[in-house]
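Understanding the architecture of this molecule
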Amino acid sequence: MGKLIYAANTSLDGYLEDETGAFDWSVPDEAVHAFWNEHERGIGTSLYGRRMYETMRVWEDDDWLTDQPAVVREYAGIWRDADKVVYSSTLDAVSTARTRIERQFDADAVRRLKEESVADLSVGGAILGAEAFRHGLVDECVLLLCPVTVGGGKPALPRGVRLDLELLDTRRFANGVVYVHHAVRSAI
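This structure is a prediction, so every number in the text was calculated from the model and none was measured. (Residues numbered from 1 in each chain as written. Predicted model: local features only at pLDDT ≥ 70, side-chain atom pairs only at ≥ 80, totals over all residues. Heavy atoms only, no water.)

This paragraph deals with the overall build of the protein. If you tally the helices and strands in the protein, you get five helices and ten strands. Over its C-alpha trace the protein gives a radius of gyration of 16 Å, about what one expects of a compact globule, namely 16 Å for 188 residues. Projecting the C-alpha coordinates of the protein onto the three principal axes gives extents of approximately 40 × 35 × 35 Å. Out of the 188 residues belonging to the protein, those deemed buried represent 45%. Looking at the protein alone, contacts between residues at least 24 apart form 70% of all its contacts between residues at least 6 apart. By element, 49% of the accessible surface of the protein is carried by carbon and sulfur atoms, the whole surface being about 9,700 Å². Taken as two groups, the 21 positive and 31 negative side-chain charges of the protein have centres that lie 3 Å from each other. (Helix = DSSP H or I, 4+ residues; strand = E, 2+ residues; numbered from the N terminus. Rg over C-alpha atoms; globule rule 2.2 N^0.38 Å. Buried < 20%, exposed > 50% of the residue type's maximum accessible area, 1.4 Å probe, protein only. Contact = heavy atoms within 4.5 Å. Areas by Shrake-Rupley, 256 points an atom, 1.4 Å probe, with all protein chains shown as cover. Lys, Arg positive; Asp, Glu negative; His and termini not counted. Charge placed at Lys NZ, Arg CZ, Asp CG, Glu CD.)

Right, let's talk about the pairing of strand β1 (residues 4-11) for a bit. Burial within β1 is extensive, with seven of its eight residues counted as buried. Relative to strand β6 (residues 120-124), β1 runs parallel, the two sharing three bridges. Note on β6: the bridge partner recorded for Ile-5 is Ser-122. Summarising the sheet, β1 and strand β7 (residues 140-146) pair through seven bridges and their orientation is parallel. From the neighbouring strand, Thr-10 faces β7, where its bridge partner is Leu-145. (Pairing = 2+ DSSP bridges.)

On to the packing of helix α1 (residues 30-41) against helix α3 (residues 70-81). The geometry of a pair of packed helices is captured by two quantities: the angle between their axes and the separation between those axes. Their axes nearest at 9 Å, the elements α1 and α3 cross at an angle of 20°. Taken together, the axes of α1 and α3 lie roughly parallel to each other. In the packing of α1 onto α3, the handedness of the crossing is left-handed. Residues Glu-30, His-33, Ala-34, Asn-37, Glu-40 and Arg-41 of α1 form the contact with α3, whose participating residues are Val-71, Val-72, Glu-74, Tyr-75 and Ile-78. (Axes fitted to C-alpha atoms, helices over the stretch in contact; angles between N-to-C directions. Parallel < 35°, antiparallel > 145°, perpendicular 65-115°, else oblique. Left-handed = near helix turned anticlockwise from the far one by under 90°.)

It is worth spelling out the pattern of salt bridges at this point. According to the stated counting rule, one finds 13 salt bridges in the structure shown. Two residues, Glu-74 and Arg-41, come together in a salt bridge whose shortest N-O distance is 3.1 Å. Of the two residues, Glu-74 is situated in helix α3 and Arg-41 in helix α1; the sequence distance between them amounts to 33 residues. The salt bridge partner of Arg-50 is Glu-54, with a shortest N-O separation of 2.8 Å. Of this pair, Arg-50 and Glu-54 both sit in helix α2 (residues 50-56), four residues apart, which is roughly one turn of that helix. (Salt bridge = Lys/Arg side-chain N within 4 Å of Asp/Glu carboxyl O.)

Along an α-helix, residues three or four apart share an orientation, since each turn contains 3.6 residues. The complete set of buried residues in helix α4 (residues 107-116) reads Ala-107, Val-110, Leu-113 and Lys-114. Taken around the axis of α4, the buried residues stretch over an arc of 115°, which confines them to a single face. Exposed and oriented more than 90 degrees from the buried face of α4 are Glu-115 and Glu-116. Of the surrounding secondary structure, the elements contacted by the buried residues of α4 are β1, β3 (43-49), β4 (83-87) and β6. Capping the start of α4, Asp-106 holds a side-chain oxygen 3.0 Å from the backbone nitrogen of Asp-108, two or three residues further along. (Arc of directions from axis to C-beta. Polar contact = N/O pair within 3.5 Å; in protein donor to acceptor, adjacent residues only side chain to side chain.)

A word on unusual backbone geometry. A positive phi is found at Arg-98, a non-glycine position, where the angle reads about 55°. On the secondary structure map, Arg-98 appears in the loop between β4 and β5 (99-102). Relative accessible area serves as the criterion here: at 45%, Arg-98 is assigned to the partly exposed category.

Right under this line is the structure:
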């Protein structure tokens, strides 16, 4: 059975994006990118909302990768090797391999997917992540806290949901980013 892991870069004050939708402050350096590569290597299926999918699908294209560091090119291969489920009522088609569209989020279907999976699953994006938390589907939460406050924007964690967590691991990167890894004991 796979675990569902919510993973994200977040500002120190808890936002995925600032009030303008920007997240350039969370672009990883080489060490942080290598961390994400290792994390994503264990993911068999990624669950995305439409906006997160549209952000991530850049990894399907090789054109921009030729001048990128090896760690960035490596991530593209890892991303391509995972299955992807995009939850969208407005997206007509997907432009990436190993990707399917689901028109609505079905908590029971995600539970079955977890039960049938030999690898872990990830959920990306604030809205879809919040929905997974609300249904008690998220088993672990991996956050990279970036050394910046943005004062507002899209919250990394759902509002109106209490999460009882157990700290599993931490790490500090040389660039000031702090990794925190929690098990979700319960969502209320």
